[in-house]
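Here is how the chains run, residue by residue.
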Amino acid sequence: MHVPLTDLALQYQSIKSEIDEGIRRVFEAADFTNSTWVKRFEEAFAGMHGARHCIAVSNGTAALHAVLMALGIGPGDEVIVPATTFVATAMAVSLTGARPVFTDITPDTCTLDPPKVKKLINGNTKAVIPVHLYGQMASVELLADMLKSRGIPLIEDCAQAHLARRKGRYAGTMGLAGCFSFYPVKNLGAFGEGGAILTDDDTLADELRSIRTYGSAGKFLIERIGHNYRLSEIQGSILEKKLPHLTRWTDRRREIADLYRNGLGDIDGLRLPVIADENEHVFHLYVIQTPMRDELMNFLTAHKIQTGLHYPVPCHLQPVYKKPGYTAGDLPVSERHAKECLSLPMSESHSNHQIQYVIRQIRQFFIDS
Ligand SMILES: *Cc1c(COP(=O)(O)O)cnc(C)c1O
């Protein structure tokens, strides 16, 4: 048996007629960017979250960058981000000229640690970007009041957390803005690139719509520096068709997580994802941790089970960020996590049979070693 990390071809087969019909309509309308289907998707996505505005953009990095631009963040400013995340979180900060300040994660949930964030705040801090890593929300409510009293915006990186909830509230609705990615492998993925921002702030929403289209105000007037961050209609149509399936797909990911927990929960030396109290995890990734990570990964590869590393180098030790003041040992939890993390096959398309095979092989590895 071969078990891939994810299986997008199977997902397409399961909704092919809807997707094909949507794409055909886009071609027939010959209207290819930021139009009817993008608007329909924006309305549906905002509605699902109870948010006032959804601004669809070209990808998740653009979503983060556009919000930081709208806030006027730039050279001399600092933005706090976790060290354990996909590098795009930090890169969006760097694109503005501001400096990403890295904070360590908690060993159990792998999300940022509010008391550690508080210690990093100073007069230059212009935003904090918690990342809802692997599909579980960071404990942002512990930061929200303190940040609000200092006038520091909270921007959620929801690229891995579509429909995740904490204390009954959706990811993307806890701070000033929530930034989503629809990169193909995300829980809601386009067939190419896509992203979106949720916000309840009318002024920010106007700014973001302007930044998305070269800083325009109306048809011919340019009011600020902007970008071309529009979403294509083909992607808008695909996302609009996929959205009604997302709840069902998320439930299936949770079932697979339960299979893993039941099958692997008793193994010494293996740490499974911990779900924080009052969190509804959406399992974008199923990341286990073990000091024998490399050996286990090689064993699974030999048994045709594809695994992933999210992420083997924490952001503060990436060559691009190492120079401005970071060295190994600075953020020990993130650094250990980078050496011990291993992502197991996870998607709504995997069969129980495939997951049971993965569980059997992992159990075999720990019996042998
Ligand atoms: C995927 C991802 C991004 C970037 O999204 P793109 O659409 O690839 O630009 C940002 N942050 C996190 C945590 C991600 O997983």
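Conventions and cut-offs
Residues numbered from 1 in each chain as written. Predicted model: local features only at pLDDT ≥ 70, side-chain atom pairs only at ≥ 80, totals over all residues. Heavy atoms only, no water. Buried < 20%, exposed > 50% of the residue type's maximum accessible area, 1.4 Å probe, protein only. Helix = DSSP H or I, 4+ residues; strand = E, 2+ residues; numbered from the N terminus. Pairing = 2+ DSSP bridges. Right-handed = clockwise from strand over helix to strand, strands pointing away. Axes fitted to C-alpha atoms, helices over the stretch in contact; angles between N-to-C directions. Parallel < 35°, antiparallel > 145°, perpendicular 65-115°, else oblique. Left-handed = near helix turned anticlockwise from the far one by under 90°. Contact = heavy atoms within 4.5 Å. Phe/Tyr/Trp six-rings, centres within 6.5 Å; stacked < 30°, edge-to-face > 60°. Lys NZ or Arg CZ within 6 Å of the ring centre and 35° of its normal. Core = buried A, V, L, I, M, F, W, Y, C linked by side-chain atoms within 4.5 Å. Nonpolar A, V, L, I, M, F, W, Y, C, P; charged D, E, K, R; others polar.

Q: What should I look at first to understand the pairing of strand β2 (residues 78-82) in this one?
A: The two faces of the sheet receive side chains in turn, since in a regular strand these alternate between them. Here β2 lies mainly inside the structure; five of its five residues are buried. Side-chain alternation along β2 places E78, I80 and P82 on one buried face and V79 and V81 on a second face that is also buried. In this sheet, strand β3 (residues 99-103) lies alongside β2 in parallel orientation, the contact comprising five bridges. Residue pairing across strands places V79 opposite P100, the latter belonging to β3. For the crossover that starts at β2, traverses helix α5 (residues 88-95) and ends in the parallel β3, the hand is right-handed. Bridge analysis of β2 against strand β4 (residues 125-128) gives three bridges, and the strand direction is parallel. Within β4, the residue paired with E78 across the bridge is T125.

Q: Looking at this model, I keep getting lost on the packing of helix α2 (residues 16-29) against helix α9 (residues 233-242). Mind explaining?
A: Angle between the axes and distance between the axes: these two values describe a pair of packed helices. The N-to-C vectors of α2 and α9 enclose an angle of 150 degrees; their axes lie 9 Å apart at closest approach. By the angle class used here, α2 and α9 are roughly antiparallel. Our pair here, α2 against α9, has a crossing hand that is right-handed. Taken together, the residues of α9 that come into contact with α2 (itself represented by E18, I19, G22, I23, V26 and F27) are E233, I234, S237, I238, K241 and K242.

Q: What should I look at first to understand the packing of aromatic side chains in this one?
A: Overall, the coordinates contain 13 aromatic pairs when judged by the stated rule. Ring geometry for F27 against F32: centres 5.8 Å apart, planes inclined by 85 degrees, an arrangement best described as edge-to-face. Through a chain of ring-to-ring contacts, the aromatic side chains of F41, F45, F180 and F182 assemble into a single cluster. Positioned above the aromatic ring of Y170 is the side chain of R165, whose terminal nitrogen or guanidinium carbon lies 5.0 Å from the ring centre.

Q: Would you mind showing me how to read the nonpolar core here?
A: Nonpolar side chains in soluble globular proteins tend to end up buried together. Core analysis: the biggest nonpolar cluster contains 72 residues, and F45, F102, F182 and I197 have the highest contact counts within it. Per-element accounting of this core gives the leading share, eight residues, to helix α4 (residues 60-70). Discounting chain neighbours no more than four positions away, the residues touching F45 are C54, F180, F182, L188, L198 and L243. Formed by 27 residues, the second largest nonpolar core is a distinct cluster that contains V3, Y260, L270 and I362.

Q: I tried to follow the sheet that holds strand β5 (residues 155-157) on my own but got confused; where do I start?
A: Adjacent strands of a sheet pair through backbone hydrogen bonds, lying either parallel or antiparallel. Strand order across the open sheet formed by four strands is β1-β9-β8-β5, with mixed pairing between neighbours. Of all strands in the sheet, those with a lone pairing partner are β1 (53-57) and β5, marking the two edges. Put simply, the sheet's adjacent strands are angled 20 degrees from each other on average, direction ignored. Here β1 runs beside strand β9 (residues 195-199); their pairing, made up of five bridges, is antiparallel. Bridge pairing in β9 places I55 opposite I197.

Q: I would appreciate a short explanation of the packing of α4 against helix α8 (residues 202-212) in the present structure.
A: Put simply, α4 and α8 touch, their axes get as near as 9 Å, and they point 120 degrees apart. As far as their axial angle goes, α8 and α4 are oblique. Classified by chirality, the crossing of α8 by α4 is right-handed. Across the interface between the two elements, A66, V67, M69 and A70 of α4 pack against L204, E207, L208 and I211 of α8. Each residue belonging to the contact of α4 with α8 can be placed in one class, and the counts come to seven nonpolar, no polar and one charged.

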